[in-house]
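The primary structure of each chain is shown beneath.
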Amino acid sequence: MTQKILTTRMEEHPSDSHTLARYLDTGGYATLHKALADMSPDDVAAEVKASNLRGRGGASFPTGVKWGFLPEDTRPRYLVINADESEPGTFKDRLLLERDPHQLLEGIALSAYALDVQRAFVYVRGEYSKAARRLQRAIDEAYEGGYLGAGIAGSEFSLDVTLHLGAGAYICGEETALLSSLEGQRGEPRIKPPFPAIEGLYSMPTIVNNVETISNVPWIIANGGFAFASIGPTTSAGTRLMSLSGHVATPGDYEIVLGLTWRDLIYDVGGGIRDDRPLKAWVPGGASAPWFVPETHLDTLVTIDDIAANGSMIGSGAVIVMDDTTNVVAAAHRLVKFFAHESCGQCTPCREGTTWLERILDRILTGQGRRDDLDLLLDVSDNISPGLVWPPAMTTICPLGPSATAPIVSIMRYFRDEVEAMIPVEEGSLVAREEVLLG
Amino acid sequence: MIPTWSADNQERATALIAQYPEKRSAVMPLLYVASLEHGYVTEEAMREVAELTGLTAAQVQSVASFYTMYRRDPVGNYLVSVCTSISCWLRGADDLLAAIEDESGTLDGEMSEDGTFTIEHVECSGACGGAPVLSVNWELIEGVEPDKGRALIRWLRDAEPETISADEMQVLFGGRRSFEWAVAEPEGAIAPLPAFAPYGTAREL
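The helix and strand inventory of chain B stands at eight helices and seven strands. In summary, chain B has a C-alpha radius of gyration of 18 Å against a globular reference of 17 Å for 205 residues, a match within 12%. In terms of overall dimensions, chain B has C-alpha extents of about 50 × 35 × 30 Å along its principal axes. The buried share of chain B, taken over its 205 residues, is 56%. Of all intrachain contacts in chain B linking residues separated by at least 6 positions in sequence, the fraction that spans at least 24 positions is 59%.

Before going further, it helps to spend a moment on unusual backbone geometry. The residue after A:Lys192, namely A:Pro193, is reached through a cis peptide bond having omega -10°. Along the polypeptide, A:Pro193 turns up in the loop between α9 (175-182) and β4 (206-210). Going from A:Trp390 to A:Pro391, the amide bond is cis rather than trans, its omega being -5°. Looking at the secondary structure, you find A:Pro391 in the loop between α18 (373-384) and α19 (400-414). Positive phi values are uncommon outside glycine, yet A:Asn52 reaches one of about 60°. As for its placement among the helices and strands, A:Asn52 is situated in the loop between α4 (41-50) and α5 (63-68). At B:Glu160, a position not held by glycine, the phi torsion is positive, near 45°. Summarising the element assignment, B:Glu160 is placed in the loop between α7 (146-159) and α8 (166-173).

A few words on the interface of chain B and chain A. With 49 residues of chain B in contact, the opposing surface of chain A contributes 52 residues. At four residues, the largest contribution of residues to the side of chain B that touches chain A is made by helix α5 (residues 86-90) of chain B.

So, about the nonpolar core. All names here are of chain A. Ranked by internal contacts, the top residues of the largest apolar core, which has 194 residues, are Val80, Ala109 and Val124. Sorting elements by how many residues they give to this core places helix α7 (residues 101-115) first, with nine residues. Valine 124 has contacts with Ala83, Leu97, Ala131, Ala132, Leu135, Leu163, Leu165 and Gly166, leaving out every residue within four places of it along the chain.

Residue and element names in this part refer to chain B. Taken in spatial order, the five strands of this open sheet run β2-β3-β1-β4-β5, and their pairing is mixed. Each edge of the open sheet is held by one strand with a lone partner, namely β2 (110-111) and β5 (139-141). Here two bridges tie β2 to strand β3 (residues 117-122), and the two strands are oriented antiparallel to one another. Counterpart to glutamate 110 in the pairing with β3 is isoleucine 119. In the packing of helix α6 (residues 93-104) onto the sheet, the strands contacted are β1 (78-83), β3 and β4 (134-136), and the crossing angle to β1 comes to about 155°. Across the sheet, α8 touches β4 and β5, and the angle it forms with β5 is around 20°.

Here is what the cut-offs are and how they apply
Residues numbered from 1 in each chain as written. Chains lettered and ligands numbered in written order. Predicted model: local features only at pLDDT ≥ 70, side-chain atom pairs only at ≥ 80, totals over all residues. Helix = DSSP H or I, 4+ residues; strand = E, 2+ residues; numbered from the N terminus. Rg over C-alpha atoms; globule rule 2.2 N^0.38 Å. Buried ≥ 20, exposed ≤ 12 C-beta atoms within 10 Å, placed from the backbone. Contact = placed C-beta atoms within 7 Å. Core = buried A, V, L, I, M, F, W, Y, C linked by C-beta atoms within 7 Å. Pairing = 2+ DSSP bridges. Axes fitted to C-alpha atoms, helices over the stretch in contact; angles between N-to-C directions.

Geometric descriptors of this kind do not, in isolation, establish any biological role.
Right, here's the structure in full:
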């Protein structure tokens, strides 16, 4: 259970794990040289496919399968790294960008070689200025060292990498919105199909992969896809960076092998709940994921499939823990407010629906709730995501709108009595409102 | 090229446009450079970026208005952005924002009368392990308790630092971090824009 892939260097060399000198000193770029000398692009792609690596950005799609969607003949192809990490609760790509940017760059170079790509872009969210500076320095170092640019390591393979800074829009983490943004347009998602692998950046075949996903590639090529696949549960292979936040005693990023229970993750890895308070609920995979509660889920397994089978998702690996002091209506309001703010506005159910949900929760929180607001919350949610099923049904181009229904469904499923208790007994009565507000 | 821009910014604009297969893609970086040139994204800045990228001014305005980090109104010397998303909220972000508003005498979303501060709340800053967090000119400080937030505002007002450094502020006003950075960064922010050398917004400390 102590296997580490991504964080070994930064743990052993905290003062300079981000520099080229330390990267080379710890075996960095040797895998790229070996692959360029001894392996064909198809060999590299085959190892990634054999590794069972699944995307770390949220959708958990098998990386090798995604790569296989590229059409045979169309050129140029592009590789775009999604470093627009913005899902509330998620802060693991920042760790990889700030502490080991060359690991990502070697992963990019290996992936680009496998995919016959000569132009790669890294889309870093605008707020991550420190991460952007470190990555840009690493890119500059890699060009000087001959690990990027023309004829890498004396081979025929050339690659240019450009860092593109976002400007504050969560929706650009959605891959087609990211491509729109990179083309200099508003960051609005596009209807799929066509998927980016067929028609992506500048309408050319494009692979979009997450930072953590691609940071795994050097290890996979160095050790073989089979070695990676044999770490952890079969369908959750490899390690995983979990971001623990909220009311755990020791929040932080933890690289773990999946397959442990939530009890182990929250109480051992996360150090338990602050001040030993009771655990009330947690969000298992970022703001978009339906919540879990201790009575039902504490001894279920943390794997991609087990979480899905229990009606939620591992998403970006962001675990947001709430103790017994948490007002769940206020927590849901905070999450819904996020989605309302970040809706790009293209689709009516999302643009209007998320705003409605925010306003209804807002009036409940200020003691102005109505008895039919509980039904209204579910009705509006149902109009955004029909049936309120999991995985969510969609009336929208992208999953942002349906994501906003996750906290609503969660509080109505597990804490309906708490929501009801916030509705004044005598509707519209000021006295009743004060009772709610003042407890 | 835009002859009224500084020679440095003209050079940066040329280099940024050359980074992309299609120059339209440079609209976002150029909006940052134009912000540095004009202080914020003015009407003129949008016309200039349009000229550089072959777009119409309306297209550039459409892009600029989509992203929260492009300011289309004057912004204070120190843009203080308090994260109030779920993980920071669970750890007391609302109290921190209230302390920042009170100490700066500036409400959320507004600029102080003397132009020293713009105060805003922002959605998730991606540093949830160090909650509650805030940033000054996009330089991050984690584990900020309300009294430290007040001290930060007083320090900015009194010391008037020309270059904003995350590491310096973290030592003075921060607490728990998402993870340790170990070594100090050699660069900081010179404007309420992300400090990034290719955009001219970073300066060596």
